[in-house]
Amino acid sequence: MTVSPLVWGVTILVILALLAFDYFFHIRKAHIPTLKEAALWSSIYVGLAIVFGIVVWIFGGSQMGTEYFAGYITEKALSVDNLFVFLIILASFRVPREDQQKVLLFGIVFSLIARTAFIFLGAALINSFSWVFYIFGLILLITAGNLLKPESTEGEDEANNFIIRLARKIFHTSDKYDGDKLFTMENGKRVLTPMLLVMVAIGGTDILFALDSIPAIFGLTQNVYIVFTATAFSLMGLRQLFFLIDGLLDRLIYLSYGLAAILAFIGVKLVLHALHENTLPFINGGEHVPVFEITTGLSLSVIVGVLVITVIGSLLSPAGKAMTAVNNARRHADAYLDLSYTADPAERERVYKALCDEEKDIMQMNLKYRDKVKDIEEIRETVARAHSEHERYLSR
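What counts as what
Residues numbered from 1 in each chain as written. Predicted model: local features only at pLDDT ≥ 70, side-chain atom pairs only at ≥ 80, totals over all residues. Heavy atoms only, no water. UniProt positions renumbered as here; feature names shortened; annotations may be inferred. Salt bridge = Lys/Arg side-chain N within 4 Å of Asp/Glu carboxyl O. Helix = DSSP H or I, 4+ residues; strand = E, 2+ residues; numbered from the N terminus. Buried < 20%, exposed > 50% of the residue type's maximum accessible area, 1.4 Å probe, protein only. Phe/Tyr/Trp six-rings, centres within 6.5 Å; stacked < 30°, edge-to-face > 60°. 1 Å grid on protein atoms, 1.4 Å probe; cavity = no way out; pocket = protein on both sides within 12 Å on 5 of 7 lines; lining within 4 Å. Points joined across faces, edges and corners; volume = space filled by probe spheres on them. Nonpolar A, V, L, I, M, F, W, Y, C, P; charged D, E, K, R; others polar. Core = buried A, V, L, I, M, F, W, Y, C linked by side-chain atoms within 4.5 Å. Contact = heavy atoms within 4.5 Å. pLDDT = per-residue confidence, 0-100. Axes fitted to C-alpha atoms, helices over the stretch in contact; angles between N-to-C directions. Parallel < 35°, antiparallel > 145°, perpendicular 65-115°, else oblique. Left-handed = near helix turned anticlockwise from the far one by under 90°. Patch = residues over 30% accessible without salt bridge, like charges linked within 9 Å, V, L, I, M, F, W, Y side chains within 5 Å. Areas by Shrake-Rupley, 256 points an atom, 1.4 Å probe, with all protein chains shown as cover.

In the nomenclature of an unreviewed UniProt entry, the chain is known as TerC/Alx family metal homeostasis membrane protein of Arthrobacter yangruifuii. Here is the UniProt Subcellular location (unreviewed entry) comment for the chain, exactly as written: "Membrane". The Sequence similarities (unreviewed entry) comment attached to the chain in UniProt states, word for word, "Belongs to the TerC family."

Asker: Would you mind going over the pattern of salt bridges with me for this structure?
Answerer: Once the charged atoms of two side chains with opposite charge are near each other, the side chains can pair. Under the defined criterion, the tally for this structure stands at four salt bridges. The partner of Asp22 in a salt bridge is Arg239, with the nearest N and O atoms 2.5 Å apart. A residue pair is termed long-range when its members are at least 10 positions apart, and Asp22 in helix H1 (residues 5–27) and Arg239 in helix H9 (residues 238–245) qualify at 217 residues. Like Asp22, the residue Arg239 is buried in the burial classification. Lys353 is the salt-bridge partner of Asp357, the closest N and O atoms lying 3.1 Å from each other. One end of the pair, Asp357, and the other, Lys353, are both in helix H13 (residues 345–363), four residues apart, so they sit about a helical turn from each other. Since its relative accessible area comes to 31%, Asp357 is described here as partly exposed.

Asker: Help me understand the packing of aromatic side chains, please; the structure alone is not making it clear to me.
Answerer: Counted under the stated rule, the structure contains 16 aromatic pairs. Ring geometry for Tyr68 versus Phe69: centroids 5.3 Å apart, planes at 75 degrees, classification edge-to-face. Accessibility assignment for this pair places Tyr68 and Phe69 in one class, buried. A centroid spacing of 6.1 Å and a plane angle of 15 degrees characterise the contact between Tyr68 and Tyr72, whose relative ring orientation is stacked. Here Tyr68 pairs with Tyr72, and both are found in helix H3 (residues 62–92), just four residues apart, close to one helical turn. The same class applies to Tyr68 as to Tyr72, namely buried. A connected cluster of aromatic rings, assembled from ring pairs, spans Trp8, Phe52, Trp57, Tyr68, Phe69, Tyr72, Phe120, Tyr225, Phe228 and Phe233.

Asker: Before we go on, may I ask you to explain the layout of surface pockets in this structure?
Answerer: Counted as a void, the second largest pocket has a volume near 460 Å³. Residue lining of the second largest pocket: 21 residues in total, with Val80, Leu241, Ile245, Leu252 and Val311 positioned closest to the centre. Taken together, the elements giving at least two residues each to the lining of the second largest pocket come down to helix H2 (35–60), H3, H9 and helix H11 (296–316). Looking at the lining of the second largest pocket, its residues break down into 16 nonpolar, three polar and two charged.

Asker: How do you make sense of the nonpolar core when you look at a structure like this?
Answerer: Generally speaking, nonpolar side chains in soluble globular proteins are found buried as a group. Membership of the largest hydrophobic core comes to 90 residues, with the highest contact counts inside it found for Tyr68, Val198 and Phe218. Those residues within four positions of Val198 in sequence are excluded, and the remaining contacts are Ile89, Leu90, Phe93, Val95 and Val103. Membership of the second largest hydrophobic core comes to 14 residues, among which are Ala329, Ala333, Val351 and Ile376.

Asker: For this particular structure, what's the right way to read the confidence of the model for the chain?
Answerer: One rule of thumb: low pLDDT means the predicted coordinates there are not for detailed reading. Put simply, the chain has an average pLDDT of 81, and 88% of its residues get 70 or more. Per-element averaging of pLDDT across the chain places helix H6 (residues 162–170) at the bottom with 63 and helix H8 (residues 224–235) at the top with 93. Under a pLDDT of 50 for its full length, residues 152–160 has, in the predicted model, 15 contacts with residues more than four places off or in other chains.

Asker: Help me understand the packing of H3 against H9, please; the structure alone is not making it clear to me.
Answerer: Any two packed helices are characterised by how steeply their axes cross, that is the angle between the axes, and by the distance between the axes. Contact geometry for H3 and H9: axes closest at 10 Å, N-to-C directions at 70 degrees. The angle between the axes of H3 and H9 places the two elements in the roughly perpendicular class. Of the two elements, H3 crosses H9, and the hand of that crossing is right-handed. Here Lys76, Ser79, Val80, Leu83, Phe86, Leu87 and Leu90 of H3 lie close against H9, whose contacting residues are Leu238, Leu241, Phe242 and Ile245. Partitioned by chemical class, the residues of the contact of H3 with H9 number nine nonpolar, one polar and one charged.

Asker: Would you explain a nonpolar patch on the surface in this entry?
Answerer: On the surface, a cluster of nonpolar side chains totalling about 640 Å² of accessible area is made up of Val46, Ile50, Val51, Ile54, Val55, Ile58 and Phe59. As for its position among the elements, Ile54 is in helix H2. Taking relative accessible area as the criterion, Ile54 reaches 42% and is therefore assigned partly exposed.

Set out below in C-alpha cells:
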C-alpha cells in the first residue's frame, strides 16, 4: 500500500508534537519522576502505539497491521536492551538523578534522527540492490552471536570512548555539573560541562544501536512508512520506561538470549528472502532459489513467544532475583556515597531507604545465588561505607 504525502506529513507532525509535549510539560523543569508518573506515561505511550497500529490495520489491511506490530514489538525489545547501556553511561558520568530525563530525551531524539537516516538509506539500497538482504541477514546473525557471549562488556567503556577522549583534549571541560547547562564558567573561562559530554556519548551509542535495529525491522517489512512509524513509536515513552524499570533491568537476565534468538530468526528470514530474490551470478547462476519464506504472521508469533518466555523465565529465576537485589544495592550505595548525585536531601533519604530494603531481601536469599554475583565482596564493602556515611550524616 502506498502512503500519501499528507499521511506522512500528519504522522511526522504528531511525533514532533509528542516530543515537544514531553519536553515542555515534563522535562523543562528538572525533577525526579515518581513511579506513578513513569507508569502512567509509559502506559499512555504504549497505548498510543497500539491505537496507531489498530488504525494501520483498519486502513492499511491485516498485512500492514501485522508488519507494524511485529516491527514495533521487536524494536521495543531492542530499546529495552539499549537501556542497559544508557544506565552504564549515566552512572559513569554521575549524571544527577533530576537531570537524567533531559539526557534521555536527547538520546531519544538523536536516535530517531539517526534511525530515520538509516531507514531511508536502507530503503534506497534495497530498491536498487536485492543482495543487500544478504548483508542485513549477516549483520543480524553476527549481532545475535555477540549477544550470546558470556559477560559481554558492551557499553562498559562508553564514557571513555574515542569521541569523549578527543573532546576532553581539544576543548576545556569541567568535572562538575551546573544544573542542566551544557556550558559554564570556570576560573573565568567558558568550559564544557559533563552534561554535553554525556549527550555525545549517548548520541554515539545511538548510531551503533541503529546499525542493529534497522536491519532487524527491514527483515519484517520493506514498507518504509511501517519501518519509520514502528521505530518512532518504539522510542516514544522510552524515557518514562527507564525510570519505571530502573532497578529491574538487571532482573531480565535472559533478555540477551531472547533477543539473540529473535535477531537470529530475522537474520535467517532475510537470507531466505535474499535467496528467493537472488540475482547474484555465483548463486544458482543468478536465478531465484526456491526456498521456504517465513510469513509476517509466523514472525510475529515467534517474536512474541520468545519475549514472553524470556521475561517470565527471568522474573521467576532465583538467580535473577539475587542479581537484581545485589546490583541495586551496589547502585544505591554508590549513589549515596556520591555527594554530587543529587542536591535533593529527600532523594538521598529515598536512596538510603531503598538500600536498606534491598539488604533485607538479600539476607533472605539462598547463599548459592547471591554469592555468585560478580564482585560481591567489593559490593559488600561499598554498602558498608554507605552505612558509615549515613551514620556520620545523622550525627551532624
